[in-house]
Structure formats: structure tokens, C-alpha cells
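The lines below spell out each chain.
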Amino acid sequence: MLTMDSNDILTRVGSGTPMGELMREYWIPACLPQELAPDATPMRIKLLGEKLIAFRDSAGRIGIMDHRCPHRCASMFFGRNEEGGIRCAYHGWKFDVDGNCLDQPNLPEDARFPDRVKAKAYKVAELGGIVWVYMGKRKVAPPLPALECLSLPADERMVLCHQRDCNWLQSLEGDIDTSHFGFLHVGSVKTEDVDPDTMHRWGLINRTPRYHVKETDWGTMYTAYRPADPGNYFYRFAHFMFPFFALVPDGTFSNMIQATLSVPLDDSHTMTYNLAWTKREQALRTLKDGSPIPGASLARDFLPTTTDWLGRWRLKANRGNDYLIDREEQSAGRSYSGIKGIGQQDQAMVESMEGPEEGIVDRSFEHLAVSDRMIAITRRRLIAAAQAHQKDGSLPATVDRPELARGARGGSFIASDKVDWLDAYYAELTRAQSPMDFLQRAQAAE
Ligand code: FES
Ligand SMILES: [Fe+2]
């Protein structure tokens, strides 16, 4: 249960809003590098409620800027991307990726003033298979994010995106809501259906875990735990990381290098990015005969891309067709939800939440339970951070020290029930990351 005022602080991301301003202090994913080719058509994108164009110039550099030409505000979406910059189609003014004006061809030579006009261009960087943009006010942008999954070699990383018709926080909260896994995704799977040696079976044997939650330098963390074999617990750890990262628990801790991002396009649309090491071991994807669990794949079909602000990475299974739900599969018990694909199952749930404004749930209607403790502390942490930033400009530690993210890893393991949960976590993290970086060790072993 949350007041509408608090809900507004959490959900509004436009310029000048508390959460929007906090998010602008971080680097934000804008698109994928392969979506932009040199001298190709400029692409419309939306981020934090701002309409932008993205393009790659003749030298391969990426520009992301306000789509309005600084001359008389015609959209530079219609512009010509050529010879090292974008030229507005209205009067031919030309700008480079940094927003510098290179040409004002409709003006007499002695009336030109290129030094006094600039397109509103943002700083851009490529990292981990993603194009990032810094939309904040600092002259020198903060350091780039430093999650483990952003330093994966290009041929061993998976980067998937898809768009959601809902507010960013609904999307994020789905990724820190652990107990739904045993229902929405694998509710039709019985313990005897899976490999008797996989530790992940404990998540099926007992679908009512208990929880520990904690605030951290990078955001919040929790574990859901339940008894395993005598003397042990089966732990599932996960994290929220400012401003919109989730490190989900859905796999084996020792190799679970991954993150899910819920990037606000505007108040009611979100682009999710799933980043992962291709060699990670995910939890419960196959039955013991090796066949896939019905519906539990990452496969996604997309609608054709359009040039609309929100026209990219839209799923075929969507609100308009009830996510292609198969009621027969559902009633026969082969699939708990009847919806195919883990991403689509999550999508149906988080997009179906409603409020007075489409795409933003009314959280005053909720009844949170013990299974939602992580969601509750994450909301508190987000509201506190947005308000502190609004009041005196203070910021979460990860803006200037992104390496703190290396303390966060999601995933499952078994540990003694005599050991404190945080001690168990840090012991497992140290085992996974030392004596040298996990990835280096993995590569050395091959
Ligand atoms: S509006 Fe763009 S050059 Fe005039
Ligand atoms: Fe899910």
C-alpha cells in the first residue's frame, strides 16, 4: 500500500521530476550498437520521456540528441546523415555527433553564427554490447557502470531487449519478486519431473520460502531461503541496483553473471535489456528426460520494427492478443499460465497491472505480504534517494563508484543453516570471484 504521492515519486521520470533527475545522474542504455549503421537513416528513440534521434556518422561515431533542430525545431529525424554529421532537411543546418554546428548553408557567409548554436547532444559510450547515454548536467560524465556482465567477451555475452507497455518500476519489481517463479514460470512442474541431482529442485519442493532483506551500497538485496538436505538451506539471492538494474536469482550462483535492466522510455513504456554470460547455468529449464519445460524458454517473436518513437523491439504476444494464451495448455496442467516464454509470461503480469493512468499501477490498491519485503524496501530506498537528491543533490554511492556493483551477484547455492545468511553470501561470492576474476579463471580452464 502506497500513497499516490509516493507512487508519483517512484514512477515519473520526465525532466524535473525527482526520479527522473536521479536517473539522469547515471548512464542510461539508449539502444544496441547494431541498430545504427554509418550514414544510415536516423533512428527515433525515447528515453526518460525525451524524444531523441540516434545516428552513426561516416566515421562510426554515435550521436544521440534532441530531435528538434536548434534552428526552428523541425525534427532532425527527417535529416540527411552524411559526411560526418546530420543535416536538417528544412534549411540544411548541419551538426556533428557532439552537437557542434558545422554548416548554415541558407545564410549569407557574413551572417552565419555556427559557434553560437548547438544541438542538444548527449554524451555517448559503447559498453557491453549496449549504447549508453549520459543525460545529466555534469560537464564531465560520471564513470560508466561496472557490473560483471558488462565486461564479458563479445562472443560470450547475450544481450536481448524487448519493450514493455508499462512503467519501469512494474517491470523492475517483477525481477525482484522471487516467489512468482514457482508459480507463473514453473507452476506446472512437479519435483519428480526434474533431475533429482539438481539443487534447484529445492525451489520446487518448497514454494513458500522465507526471506532476509537488506539495504546495500548499490541498492538493496534479498535472499529467499528454504530447507534443503538436513543441516542446509537452499538460498536464492538477488539484488536491486540503482537506478534500474536487477540481478535475478534464476541460476547457479558460481557462474550467474547477468543483469536485467528496466529502462524508462517514458512514464508508461519501458525497454528491458537482458544481459547474461552465455555459459551461465539457468535454473529449471528442462525436465529430467532433457525436454524443455513447456513455456519456459527465452524465445521471443517480434513485430516488425517501425520508425515510431516506441516502434522497436515490440513482442508479437501482447496485450492486444492476450499474449497468445493457450487455455488448453493451461487447463491440462502442461503450463501454469498457458503463455509461451518466460519473458512473455512476465510481460503479461506486469502490463496487466492498472491504475487511473494507463501503464502505471495504483499501488494504493495492493496488499503486500512477507513475500514482498524486497519490493517494499526497494521502494523506500528509491524514494529516499530521489528525495535526498532533490533536496541537496546527494547521490547513491554507485554514481561515482560504480565498482561497488562488483559486490552484487544473483543466483542460488546451498549453505549450512548454522551460518548467517550474509556470511554465507560473501563466502560464496569470494569463492566465485577469487583468487582472480571469475571470467579469467573460466577462460583459463578451457
Ligand atoms: S529548422 Fe533545421 S535548419 Fe532550419
Ligand atoms: Fe519472472
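Predicted, not measured: the structure shown is a model, and the values here were computed from it. (Residues numbered from 1 in each chain as written. Chains lettered and ligands numbered in written order. Predicted model: local features only at pLDDT ≥ 70, side-chain atom pairs only at ≥ 80, totals over all residues.)

## Here's the deal with the pairing of strand E1 (residues 27-31)
When you tally the buried positions in E1, you get five out of five residues, the bulk of the element. Relative to strand E10 (residues 130-134), E1 runs antiparallel, the two sharing four bridges. When the sheet's bridge partners are listed, cysteine 31 is paired in E10 with valine 131. (Buried ≥ 20, exposed ≤ 12 C-beta atoms within 10 Å, placed from the backbone. Helix = DSSP H or I, 4+ residues; strand = E, 2+ residues; numbered from the N terminus. Pairing = 2+ DSSP bridges.)

## Points about the sheet that holds strand E3 (residues 50-56)
Think of a sheet as strands paired side by side through backbone hydrogen bonds, with each pair either parallel or antiparallel. One open sheet accounts for six strands, arranged E1-E10-E9-E4-E3-E2; its pairing is antiparallel. Every interior strand has two partners, whereas the edge strands, E1 and strand E2 (43-47), have only one. Taking the axes of each pair of neighbouring strands and ignoring which way they run, one obtains an average angle of 35° across the sheet. Sheet analysis places E2 next to E3, joined by five bridges and oriented antiparallel. Note on E3: the bridge partner recorded for isoleucine 45 is leucine 52. (Axes fitted to C-alpha atoms, helices over the stretch in contact; angles between N-to-C directions.)

## Quick notes on the packing of helix H3 (residues 168-175) against helix H7 (residues 342-351)
Viewed as axis vectors pointing N to C, H3 and H7 meet at an angle of 130°, and their least axial separation amounts to 9 Å. Classified by the angle between their axes, H3 and H7 sit oblique to one another. H7 is crossed by H3, and the crossing has right-handed handedness. The residues of H7 that touch H3, namely those facing Gln170, Ser171 and Gly174, are Asp346, Met349 and Val350. (Parallel < 35°, antiparallel > 145°, perpendicular 65-115°, else oblique. Left-handed = near helix turned anticlockwise from the far one by under 90°. Contact = placed C-beta atoms within 7 Å.)

## Remarks on the domain arrangement of the protein chain
One can read the domain layout of the protein chain as domain 1 (27-134) and domain 2 (148-445). Centre-to-centre, using C-alpha coordinates, domain 1 lies 35 Å away from domain 2. Taken together, the 13 residues of domain 1 in the interface contact 19 residues of domain 2. At the level of elements, E1 and E2 are the ones that each hand at least two residues to the side of domain 1 that touches domain 2. No other element matches E2, which puts three residues into the side of domain 1 that touches domain 2. In the side of domain 1 that touches domain 2, the residues fall into seven nonpolar, three polar and three charged. (Domains from an automatic or database assignment. Nonpolar A, V, L, I, M, F, W, Y, C, P; charged D, E, K, R; others polar.)

## Focus: the nonpolar core
Judged by nonpolar contacts, the single largest core of 92 residues is most densely connected at Ile28, Ala30, Leu47, Ala54, Ile64, Val133 and Ala246. Here this core takes seven residues from strand E14 (residues 232-241), the largest share from any one element. Both domains that meet at this core, namely domain 1 (27-134) and domain 2 (148-445), each give it at least three residues. For alanine 246, the residues in contact, after removing those within four places along its chain, are Leu172, Asp175, Ile176, Ala238, Phe240, Ala259 and Thr260. Ranked by size, the runner-up nonpolar core spans nine residues in total, among them Val186, Ala283, Leu284 and Ala296. (Core = buried A, V, L, I, M, F, W, Y, C linked by C-beta atoms within 7 Å.)

## Looking at the sheet that holds strand E8 (residues 101-103)
Taken in spatial order, the four strands make up an open sheet running E5-E6-E7-E8, and their pairing is antiparallel. The open sheet terminates on both sides in strands that have one partner only, identified here as strand E5 (80-81) and E8. Bridge count between strand E6 (residues 86-87) and strand E7 (residues 94-95): two bridges; the pairing is antiparallel. In the sheet register, arginine 87 faces E7, and the bridge partner there is lysine 94.

## Notes on the environment of lysine 123
Relative to the assigned elements, lysine 123 resides in strand E9 (residues 121-127). When neighbours within four sequence positions are excluded, lysine 123 is seen to be in contact with Val133, Tyr134 and Ala141.

## Things to note about helix H8 (residues 373-392)
Taking 1.5 Å as the rise per residue, H8 with 20 residues should run 28 Å; its terminal C-alpha atoms sit 29 Å apart, in good agreement. Met374, Ile375, Thr378, Arg379, Leu382, Ala385, Ala386 and His389 are the residues of H8 that are buried. One side of H8 holds all its buried residues, which, seen down the axis, span an arc of 135°. What points out from H8, more than 90 degrees from its buried face, is the exposed set Lys391 and Asp392. (Expected span 1.5 Å × (residues − 1). Arc of directions from axis to C-beta.)

## Details of the packing of helix H1 (residues 4-11) against H8
For the pair H1 and H8, the least separation of the axes is 9 Å and the interaxial angle reads 75°. Accordingly, the angle class assigned to the pair H1 and H8 is roughly perpendicular. Residues Ser6, Ile9 and Leu10 of H1 touch H8, and the partners they reach there are Arg379, Leu382, Ile383 and Ala386. Taken together, the residues that form the contact of H1 with H8 break down as five nonpolar, one polar and one charged.

## Topic: H7
Among the ten residues that make up H7, nine are buried, leaving the element largely enclosed by the rest of the structure. Contacts made by the buried residues of H7 are with strand E11 (157-164), H3 and helix H4 (181-185).

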